[in-house]
Amino acid sequence: MRPAWLEINLDALAHNYNLLRSRAGNTQVIGVVKANAYGHGAVEVGKELLRLGAWGLAVATTDEARELRKAGIVARILLMGSLHPQQAREVVELDLIPSISTLESAEALNALGKPVTVHLEFDTGMGRVGFQPEEAPQVKEHLVRYENLLVQGIYSHFADAEEDVLWTKEQIAHFKQVQQVFGPGYFYHLCNTAGTFNFGEYGLSAVRPGIGLYGLLPHLGLKPIARLLAKPTQVKELPPGRRIGYSGLYTTQGREWIATLPVGYADGIPRLVFNRATVRYYPDDQPCTCPVVGRVSMDQITVKLPGPVGLEQVFEVVTPDFDPTSSLWGWAELTGTVSYEPAVRLAARLPRVYLRDGTEVARVG
Ligand SMILES: *Cc1c(COP(=O)(O)O)cnc(C)c1O
């Protein structure tokens, strides 16, 4: 096994799942596992969410759904985004619940001659996909003509439930308009993670969290579920004046201990964090923070140690917290983005080890 791996803490996942659910009146949860469960591994995360009682899973692409089906997951899978008519056949083949935002996609699905359960999406203010709320009466009228489509759910998506209370309330009002047209008996869902925390009273039939399950938002009681771990492949003492890494962006000041860790930007470490990120290890159970020195290479980084360590020493390259220099959240801050982005960049080539109660229960790669 490669001496670099992602460790996923399923207890932390359960903590986040339960916290999110409790914020929305213990309604149902659609576990969003698109983009390989935000980098954490869709199959194992998906199985765990279902074990925790999730209503179903949600993905962005048919290939993501296929991976889940191949792994034996038979639960409901919502395909988010606006279904393209050319994907109608795959939806039926994979037994997915597609999101319908256009009459073209409804037509294409209906034409296949098999009953399909669908969710309708309405655009209440995101401006991306969905029927317009004022079209609801016509949409309702139209869809009854499609004898093979069973409308089970109706949903919408928030554009800024983190910050913009007024806009979000407007979105909720538009959604209520849609609910009035369709009436009771549908599976209504609206809230992403931010919506679940800030507008949990609109949990409706289910909430649809993604980032919160992975614990990647600070100050909410969530726990990051991933650690990126690596053992050094070389540890050496260098004299002063030695340059390190591409372009020689770091020069040793005195005699310095340098360890090379076998992870790089091809594993998802943003190249831009060089000379700012840190890694951590625990000699004698005390945390010791070590700066990343020099450029992040494709497959390796170099870190400055206080002294020598053996090649069995494990370093946390991503810590399961909100440290500004060693967490996924911190990397996002350092590179001017949101924690979603470093998370989804965690490379497929990293082995993933899943722990429950501190014991390995699954391994991928
Ligand atoms: C990605 C996505 C979510 C999850 O959003 P988070 O902010 O990660 O909680 C929910 N619904 C839709 C439609 C999405 O595309």
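Residues numbered from 1 in each chain as written. Predicted model: local features only at pLDDT ≥ 70, side-chain atom pairs only at ≥ 80, totals over all residues. Heavy atoms only, no water.

## Things to note about the sheet that holds strand E14 (residues 256-261)
Which entries qualify depends on this criterion: Two strands qualify as a pair provided that DSSP identifies no fewer than 2 bridges between them. By the criteria applied, helices consist of DSSP H or I runs no shorter than four residues and strands consist of E runs no shorter than two, each listed in order from the N terminus. Lines fitted to C-alpha atoms define the axes, with helix axes restricted to the stretch in contact, and inter-axis angles between N-to-C directions lie between 0 and 180 degrees.
Pairing is antiparallel in the open sheet, where 3 strands are placed in the order E11-E14-E17. Each edge of the open sheet is held by one strand with a lone partner, namely strand E11 (234-238) and strand E17 (301-305). Between one strand and the next, the sheet's axes are offset by a mean angle of 30 degrees, whatever the strand orientation. With 5 bridges joining them, E14 and E17 adopt antiparallel strand pairing. Each residue of the ladder has a partner; that of Thr260, found in E17, is Thr302.

## Focus: the site of the ligand
Rule in force here: A molecule or strand has a residue near it when one of that residue's heavy atoms lies within 4 Å. Whenever two N or O atoms come within 3.5 Å, that pair is a polar contact, provided that in protein one can donate a hydrogen and the other can accept it, and provided that, for residues adjacent in sequence, both atoms are side-chain atoms. Shrake-Rupley sampling with a 1.4 Å probe provides the accessible areas, and residues are treated as covered by the protein chains on show and by no other component. Side-chain classes follow a simple rule in which Ala, Val, Leu, Ile, Met, Phe, Trp, Tyr, Cys and Pro form the nonpolar group, Asp, Glu, Lys and Arg form the charged group, and the remainder, Gly included, forms the polar group.
Looking at the ligand, there are 13 residues lining it, with Lys34, Tyr38, Thr193, Ile211 and Tyr340 nearest. Here Lys34 contributes a side-chain N or O atom positioned 2.8 Å from an oxygen atom of the ligand. Between the ligand and the protein, one listed contact pairs a nitrogen atom with a side-chain N or O atom of His157 at 3.4 Å. Across the complex, the protein chains shield 92% of the 390 Å² of accessible surface that the ligand would expose by itself. Counted by class, the shell around the ligand contains 6 nonpolar, 4 polar and 3 charged residues.

## A closer look at the nonpolar core
Heads up, the condition is: Definition of nonpolar core: a set of buried residues of the types Ala, Val, Leu, Ile, Met, Phe, Trp, Tyr and Cys, connected through side-chain atoms within 4.5 Å. Between buried and exposed lies partly exposed: a residue is buried under 20% and exposed over 50% of the maximum accessible area for its type, with that area taken using a 1.4 Å probe on protein chains only. Residue ranges for the domains originate in an automatic or database domain assignment. Whether two residues are in contact is decided by their heavy atoms, any of which lying within 4.5 Å being enough.
Val33, Leu120, Val263, Ile301 and Val317 are the most contacted members of the largest nonpolar core, which totals 106 residues. When residues in this core are grouped by element, the largest group, 6 residues, is from helix H1 (residues 10-23). Mapped onto the domain boundaries, this core takes at least three residues apiece from domain 1 (10-214) and domain 2 (226-364). In contact with Val33, other than residues within four places in its own chain, are Ala42, Val45, Gly46, Leu49, Leu57, Ala58, Val59, Leu68 and Tyr214. Formed by 5 residues, the second largest nonpolar core is a distinct cluster that contains Leu238, Ile244, Tyr250 and Ile258.

## Quick word on the packing of aromatic side chains
Stated precisely, the cut-off is as follows: Pairing of aromatic rings covers Phe, Tyr and Trp, the last through its six-membered ring, and needs centres within 6.5 Å; plane angles under 30 degrees mean stacked, over 60 mean edge-to-face, and all others mean tilted. For a Lys NZ or an Arg CZ to count as sitting over a ring, it must be within 6 Å of the ring centre and within 35 degrees of the ring normal.
A full pass over the atoms with the stated rule returns 11 aromatic pairs. Arranged with centres 5.9 Å apart and planes meeting at 90 degrees, the rings of Phe175 and Tyr188 form a pair that is edge-to-face. Here the residue Phe175 occupies a position in helix H8 (residues 165-182), and Tyr188 occupies one in strand E8 (residues 187-189), the gap between them amounting to 13 residues. The pair Phe175 / Tyr188 is uniform in exposure class, with both members buried. Grouped by ring-pair contacts, the aromatic residues Phe122, Phe131, Phe175, Phe182, Tyr186 and Tyr188 constitute a single cluster. Here the guanidinium or amino end of Lys140 rests over the ring plane of Phe182, the centre of that ring lying 6.0 Å away. Against the face of Phe274 rests Arg295, its NZ or CZ located 5.0 Å from the ring centre.

## Things to note about the environment of Asp160
Secondary-structure assignment places Asp160 in the loop between strand E7 (149-155) and H8. As for Asp160 and Thr27, which are separated by 133 residues in sequence, their C-alpha atoms are 22 Å apart. Those residues in contact with Asp160, other than ones at most four positions away along the chain, are Trp167, Thr168 and Gln171.

## Some details on the state of the cysteines
Formally, a disulfide is one covalent bond, and it connects the sulfur atom of one cysteine to the sulfur atom of another. Selection criterion: For this text, the term disulfide refers to a pair of cysteine sulfurs within 2.5 Å.
Under the definition given, this model contains 0 disulfides. The thiol sulfur of Cys290 is not disulfide-bonded, and the nearest other cysteine sulfur, from Cys288, lies at 4.2 Å.

## Examining the UniProt feature "domain: Alanine racemase C-terminal" (unreviewed entry) in the chain
What counts, and what does not: UniProt positions are given in the numbering used here, feature names are shortened, and annotations may be inferred rather than shown by experiment.
UniProt records the feature "domain: Alanine racemase C-terminal" (unreviewed entry) at residues 225-355, using the numbering of this structure. End C-alpha atoms of residues 225-355 are separated by 10 Å, and the span's content is 9% helix alongside 31% strand.

## Notes on the domain arrangement of the chain
Here is the rule: Buried area adds together the accessible area that both of two parts lose upon being put together, with accessible area traced by a 1.4 Å probe. In the sections that follow, a salt bridge refers to a side-chain nitrogen of Lys or Arg positioned within 4 Å of a carboxyl oxygen of Asp or Glu.
Per the domain assignment, the segments of the chain are domain 1 (10-214) and domain 2 (226-364). The centre of domain 1, based on its C-alpha atoms, is set 36 Å off from the matching centre of domain 2. Here domain 1 and domain 2 share an interface that buries about 1200 Å² over both sides, 56% of which is from carbon and sulfur atoms. It is Leu10, His40 and Glu44 in domain 1 that bury the most area against domain 2; as a group they hold 38% of the surface buried on that side. Summed over the shared surface of domain 1 and domain 2, the result is 1 salt bridge. Its salt-bridge partner being Arg356, residue Glu48 comes within 2.5 Å of it at the nearest N-O pair. Taken together, domain 1 and domain 2 are joined by 5 residue pairs in polar contact (both at pLDDT 80 or more). Put simply, the parts of the chain that give the side of domain 1 that touches domain 2 at least two residues each are H1, helix H2 (34-38) and helix H3 (42-51).

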